[in-house]
Each structure stands twice: as C-alpha cells, then as structure tokens.
Amino acid sequence: MYKVKAYSAASATSPLGPTEINRRDLKERDVQIEILFCGICHSDLHQARNEWIHTMPTTYPLVPGHEIVGRVTKVGSAVTNYKPGDLAAVGCMVDSDRSCPHCKAGLEHFCPNMVLTFNGPDKHLGGVTYGGYSTSIVVDEHFVLHVPPNLELSGVAPLLCAGITTYSPMRRWKVGKGQKVGVVGLGGLGHMGVKFAHALGAHVVVFTTSPGKKEDALRLGADEVIISKNNEDMQKHASSFDFILDTISADHDINAYLNLLHRDGTLTLVGAPPKPLSVSAFSLIVGRRSLSGSNIGSIAETQEMLDFCGQHNITADVEVIPIQKVNEAYERLLKSDVKYRFSIDMSSLKNA
C-alpha cells in the first residue's frame with residue numbers, strides 16, 4: 001500500500017479539495033499508472049453531491065474521475081499486455097466477477113458485480129474505490145486500455161466515457177455509409193456522436209435548440225443542422241432517418257424525434273432525463289420503429305473505439321484546466337459553459 005495525492009469531496013455540500021489516499025501494492029496482474037489527464041463527467045458532479053442517493057448513494061470521502069489517461073509506471077509479474085512507459089487508459093469500470101453470462105459474453109459493463117472506478121466496493125483495501133482525480137492508480141490488466149500514440153492525451157480522456165457512450169450504440173445499430181443519422185443535442189456526448197457518425201460515413205444531421213451552435217456543428221462534421229423548435233423544418237425530415245442518437249438529459253418530446261424515423265429505424269437514448277419520457281405507442285407502431293437505450297461499452301469495444309479514434313484522429317474537444325479549478329468547472333458544467341468537455345491536467349495536483 002502506498003499514498004498518493006488526490007482531490008476529494010468530504011460531503012455532499014463541501015467543495016473538492018486536496019487530500020491523500022491509499023493505493024494497493026501491485027498484484028501479479030495489476031498495472032500501475034501515472035495519471036496525466038482525467039476528464040470531468042457530469043456523473044462526477046452527481047456523485048460528489050450525492051444526487052443519486054436513491055440509486056447509487058455516495059460514500060465519502062469521494063475521489064471522482066473515470067476518464068483516465070496516463071503512462072504505465074509498473075506492472076505485476078503476470079502482466080503481458082503492458083510495460084512501463086506505455087500509454088494507457090482506464091474508463092468507468094475496474095473489475096467484474098468474470099463468471100456471469102455477461103462477462104463470459106465479453107460484456108463486462110452489464111455484470112451485476114461490475115466495480116465502478118470510483119464509489120464502488122474495493123475488495124483489496126476495503127471501503128470504496130477512488131477515481132482519477134489523483135496522481136496514480138492501480139488497475140487489473142483486463143480493465144486497462146491501450147492509447148493510440150498519435151492522439152492528444154487531454155482530448156483522449158473523455159473518450160473513456162463520452163466517447164464509448166456514443167460509439168457503442170452506433171456500432172450496435174450498424175451506422176455507416178448511405179445512412180441518415182441524427183444527433184439530438186450538441187454537448188459533451190452530442191459532439192462525440194457527430195464526430196463518430198461522420199467518420200463512419202453517415203449523412204449527419206444535428207438537432208439543437210440553439211441557432212448559435214450551427215457553425216460548430218458543421219465544423220464537427222454535421223451535414224445539416226435543424227433548430228428543433230422549428231416545426232416546419234422538423235416536418236421536412238419526417239420518416240427519413242435510419243438512426244437517431246438522443247443525448248439530451250432534460251425533459252423533451254421524444255415523439256417528435258421518433259416520428260422522424262423511417263421504417264425499422266431506431267432511436268437510442270444515451271441521455272438520462274430525470275423524469276420518465278412520455279412515449280406514444282403510435283410513434284413506434286407506425287413504421288415498426290424502435291426505441292432503445294445504451295450506456296457505456298465493454299472493454300473490447302472500448303479498445304475498438306480507441307483504435308478507431310487513432311485511425312481517424314478523433315479526440316474530444318476539451319478545455320484543459322488545473323485541478324485547482326475543478327469546483328469552478330463543476331459550476332460551469334451546470335450552465336453547459338464548456339466546449340465540450342473539461343480535461344484536468346493532473347500534473348497540477350503535484351503542487352496542490
């Protein structure tokens with residue numbers, strides 16, 4: 001066991017501040033990583049403020065962070081896929097039971113005993129797992145990912161959550177050339193959805209309520225931008241989409257988008273509105289349309305996503321901040337005041 005610097009929340013109402021945490025000594029299949037960048041996900045904020053108390057209550061102190069990119073410093077004796085000096089990444093999970101049907105199918109993210117990167121049960125040290133707002137982490141080799149060397153590391157970090165969350169459903173529903181694909185919302189998730197759909201060869205249409213986002217959407221790879229409040233423009237696209245990715249986390253009219261799908265089209269939710277959405281049966285019955293949901297992705301699919309990003313030179317658009325500005329970043333996140341994700345330069349923690 002060794003100590004590392006970290007930033008933690010002591011309670012639901014306290015700001016994050018500097019602390020020290022314990023990391024386990026390497027076991028034979030462990031990889032030790034010096035953390036270089038860690039993205040800020042909205043779930044970091046939710047958990048820091050215990051906003052998921054009824055489904056995923058927070059244990060304090062909490063060290064958030066599950067968009068981790070760094071460099072391998074040590075490996076256990078049985079590790080075969082990593083060596084010191086390698087670039088490596090860690091996403092939303094650090095363990096699973098390896099024995100359930102989901103794990104055996106290579107779908108660890110559905111494992112009922114999946115261990116989250118932070119605020120999950122720590123079977124090694126007791127208590128809960130601590131995330132990437134720290135200088136170092138130790139993770140089982142199976143849950144460590146290779147990072148393509150050509151990518152800017154600050155922009156790689158959000159790929160471990162926002163990236164795989166948008167990439168996975170597009171692969172699941174076989175988005176590709178000749179398809180018309182919609183992306184609802186142009187935030188942290190939506191901007192990655194646009195980049196992936198464009199790289200996969202689809203005709204990409206962005207739906208936004210903000211006319212000011214049109215130029216940015218086109219820059220990111222959109223072919224068209226529709227202001228969703230304009231009913232006439234929405235109706236022009238009725239029954240024409242193969243796939244729509246809905247990234248909105250606020251209450252909205254899901255039927256307006258379902259009605260844009262043509263026969264056998266699919267709309268996948270990756271945003272999580274706090275209240276149930278009202279779905280009209282006729283929006284699904286007409287055209288044999290489907291409504292689905294998706295969360296992150298398996299380890300293998302996350303590696304596939306990173307490799308795809310390396311091939312197409314895709315990273316998230318980020319604003320790099322020092323750890324000392326994390327509380328300010330949380331407040332700005334609540335106002336959607338970032339294009340499009342925050343990435344923490346963890347070298348700043350050495351001076352905390």
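Residues numbered from 1 in each chain as written. Predicted model: local features only at pLDDT ≥ 70, side-chain atom pairs only at ≥ 80, totals over all residues. Heavy atoms only, no water.

**Q** Quick question: what am I supposed to make of the overall build of the protein chain here?
**A** The helix and strand tally for the protein chain stands at 11 helices and 17 strands. The C-alpha atoms of the protein chain give a radius of gyration of 20 Å, which matches the 20 Å a tight globule of 352 residues would have. Principal-axis analysis of the C-alpha atoms gives the protein chain an extent of 60 × 40 × 40 Å. The buried share among the 352 residues of the protein chain stands at 54%. Seen as two clouds, the 34 positive and the 36 negative side-chain charges of the protein chain have centres 1 Å apart. (Helix = DSSP H or I, 4+ residues; strand = E, 2+ residues; numbered from the N terminus. Rg over C-alpha atoms; globule rule 2.2 N^0.38 Å. Buried < 20%, exposed > 50% of the residue type's maximum accessible area, 1.4 Å probe, protein only. Lys, Arg positive; Asp, Glu negative; His and termini not counted. Charge placed at Lys NZ, Arg CZ, Asp CG, Glu CD.)

**Q** Explain the pattern of salt bridges to me, please; I cannot follow it from the model alone.
**A** Any two side chains of opposite charge can pair, so long as their charged atoms come close to each other. This model, assessed by the stated rule, comprises 18 salt bridges. The closest approach of N and O atoms between arginine 263 and aspartate 264, which form a salt bridge, is 3.4 Å. Under the relative-accessibility criterion, arginine 263 is labelled exposed at 59%. Connected through shared salt-bridge partners, Lys195, Asp216, Arg219, Asp317 and Lys339 make up one network. (Salt bridge = Lys/Arg side-chain N within 4 Å of Asp/Glu carboxyl O.)

**Q** So what exactly am I meant to see when it comes to the environment of glutamate 28 here?
**A** Among the secondary structure elements, glutamate 28 is positioned in the loop between strand E2 (17-23) and strand E3 (30-40). The class for glutamate 28 is partly exposed, based on a relative accessible area of 47%. Those residues within four positions of glutamate 28 in sequence are excluded, and the remaining contacts are Gly76, Ser77, Ala78 and Val79. (Contact = heavy atoms within 4.5 Å.)

**Q** How do you make sense of the nonpolar core when you look at a structure like this?
**A** Soluble globular proteins tend to pack their nonpolar side chains together in the buried interior. Grouped together as the largest cluster of nonpolar side chains are 89 residues, with contacts concentrated most on Ile40, Tyr133, Phe196 and Val326. Among the nonpolar cores identified, the runner-up in size contains 13 residues, and Val184, Ile226, Ile244 and Tyr257 belong to it. (Core = buried A, V, L, I, M, F, W, Y, C linked by side-chain atoms within 4.5 Å.)

**Q** Quick question: what am I supposed to make of the pairing of strand E8 (residues 136-140) here?
**A** In summary, the side chains of a regular strand alternate between the two faces of the sheet. The buried count for E8 comes to five of five residues, which makes it a mostly enclosed element. Residues Ser136, Val138 and Asp140 of E8 are buried on one face, and the alternating residues Ile137 and Val139, pointing to the opposite face, are buried as well. The pairing of E3 with E8 spans five bridges and is antiparallel. If you follow glutamine 32 over to E8, its bridge partner there is valine 138. (Pairing = 2+ DSSP bridges.)

**Q** Would you explain the side chain of threonine 165 in this entry?
**A** For threonine 165, the position within the fold is in helix H4 (residues 162-172). A polar atom in the side chain of threonine 165 sits 2.7 Å from the backbone oxygen of cysteine 161. (Polar contact = N/O pair within 3.5 Å; in protein donor to acceptor, adjacent residues only side chain to side chain.)

**Q** Please clarify how the packing of aromatic side chains should be interpreted in this entry.
**A** How two aromatic rings sit relative to each other is given by the distance of their centres and the angle of their planes. Counted according to the given criterion, the structure contains five aromatic pairs. Ring geometry for phenylalanine 207 and phenylalanine 241: centres 5.5 Å apart, planes at 50°, overall tilted. Linking phenylalanine 207 in strand E11 (residues 203-208) with phenylalanine 241 in strand E13 (residues 241-246), this pair joins segments that are 34 residues apart in sequence. The exposure classification of phenylalanine 207 matches that of phenylalanine 241, with both residues buried. Relative to tyrosine 257, the ring of phenylalanine 207 has its centre 5.4 Å away and its plane inclined at 80°; by these criteria the two rings are edge-to-face. Of this pair, phenylalanine 207 sits in strand E11 while tyrosine 257 is found in helix H8 (residues 254-258), placing the two residues 50 residues apart along the sequence. (Phe/Tyr/Trp six-rings, centres within 6.5 Å; stacked < 30°, edge-to-face > 60°.)

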